[in-house]
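Coordinate analysis (summary)
These are the residues of each chain, in order.
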Amino acid sequence: MKRHAMLDIESLGTRAGYAVLSIGAVIIDVDVVGNEIEFGDIAAPIYIKFDINDQIKGGYLSDKSTRAWWAVQNYEARKVLLPATEDVPTHEGLVELYHYLTTQEIDFFWAKGGMDFEMLGCMYAQEEVQSPWNFWQERDLRGLLDLAPPDALPKRTGFIAHDAMQDAKFQMAQLRAALRHLHELEPALITKYTGEAA
């Protein structure tokens, strides 16, 4: 059995040093029982929404073109730009995520591309908080999805685009589908991700 975390962020830029609006994270177990691959949710998802003013005051940047992009997204996604009672300071939110992830004994951390890891890694360093993962645990979901045909992957029905929690859940559904497809194709391809003996 192996434990996997899926991370997603929403931000005001696409490079390290730009403000992060929110983080969503989902954790599952992946195991093989008999000849079947099985998935189990092992923890409630976590959603962290940052106080953007705190980030800007702390020196994080805001990209003009990214703000223009946000302006044309759907209303549900754009809510992340508005102040809310659940907003937390940067340092507090990173510590909360650290404790959530490090208590789960996670084997692999996934995100769709390297931007999420790069931006969060920069924030953890700047806030002088230990990162909850090591670089060798990072995995790119996009690369894995390329190995599965489109009809083996779920459609985005019922998930709000550009919402960190919704994106993390959808991406976890994609991960599950891709691993299932590869296991059915050739179990030895993914033994590293299931813990099954090759």
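Structural data are supplied above this passage.
Scope of this entry: the structure provided in the associated data block.

Rules used in this analysis
- Residues numbered from 1 in each chain as written.
- Predicted model: local features only at pLDDT ≥ 70, side-chain atom pairs only at ≥ 80, totals over all residues.
- Heavy atoms only, no water.
- Helix = DSSP H or I, 4+ residues; strand = E, 2+ residues; numbered from the N terminus.
- Buried < 20%, exposed > 50% of the residue type's maximum accessible area, 1.4 Å probe, protein only.
- Contact = heavy atoms within 4.5 Å.
- 1 Å grid on protein atoms, 1.4 Å probe; cavity = no way out; pocket = protein on both sides within 12 Å on 5 of 7 lines; lining within 4 Å.
- Points joined across faces, edges and corners; volume = space filled by probe spheres on them.
- Nonpolar A, V, L, I, M, F, W, Y, C, P; charged D, E, K, R; others polar.
- Polar contact = N/O pair within 3.5 Å; in protein donor to acceptor, adjacent residues only side chain to side chain.
- Salt bridge = Lys/Arg side-chain N within 4 Å of Asp/Glu carboxyl O.

Section: the side chain of aspartate 167
Take aspartate 167: it is sitting in helix α7 (residues 164-185). Judged by its relative accessible area of 6%, aspartate 167 falls in the buried class. The contacts of aspartate 167, once residues within four sequence positions are left out, are Asp8, Glu10, Arg156, Ile160, Ala161 and His162.

Topic: the layout of surface pockets
Estimates place the volume of the largest pocket at around 400 Å³. Forming the walls of the largest pocket are 20 residues, and the residues nearest its centre are Ile9, Glu10, Trp69, Met115 and His162. Elements with a minimum of two residues in the lining of the largest pocket: β1 (2-11), α2 (64-71), α5 (115-126) and α7. Looking at the lining of the largest pocket residue by residue, the classes come out as 5 nonpolar, 8 polar and 7 charged. The space that makes up the second largest pocket amounts to roughly 160 Å³. For the second largest pocket, the lining is made up of 13 residues, of which Tyr47, Glu76, Lys79, Val80 and Asp163 are closest to its centre. Listed by contribution, the elements that provide at least two residues to the lining of the second largest pocket are β4 (46-49) and α3 (75-78). Residue classes in the lining of the second largest pocket are distributed as 5 nonpolar, 2 polar and 6 charged.

Thoughts on the side chain of lysine 49
By the element assignment, lysine 49 lies in strand β4. Take lysine 49: its relative accessible area is 5%, and that puts it in the buried class. A polar atom in the side chain of lysine 49 sits 2.7 Å from the backbone oxygen of leucine 82. Setting aside anything within four residues of it in sequence, one finds lysine 49 in contact with Leu21, Ser22, Lys79, Val80, Leu82, Pro83, Ala84, Glu86, Asp87 and Val88.

Observations regarding the pattern of salt bridges
Scanning the entire structure with this criterion turns up 4 salt bridges. The salt bridge partner of aspartate 29 is arginine 3, with a shortest N-O separation of 2.6 Å. Of this pair, aspartate 29 sits in strand β2 (residues 20-33) while arginine 3 sits in strand β1, and the two are 26 residues apart along the sequence. Arginine 3 carries the same exposure label as aspartate 29, and that label is buried. Glutamate 76 is the partner of lysine 79 in a salt bridge, and the nearest nitrogen-oxygen pair spans 3.2 Å. A residue is classified by how much of its surface remains accessible, and lysine 79, at 35% relative accessible area, is partly exposed.

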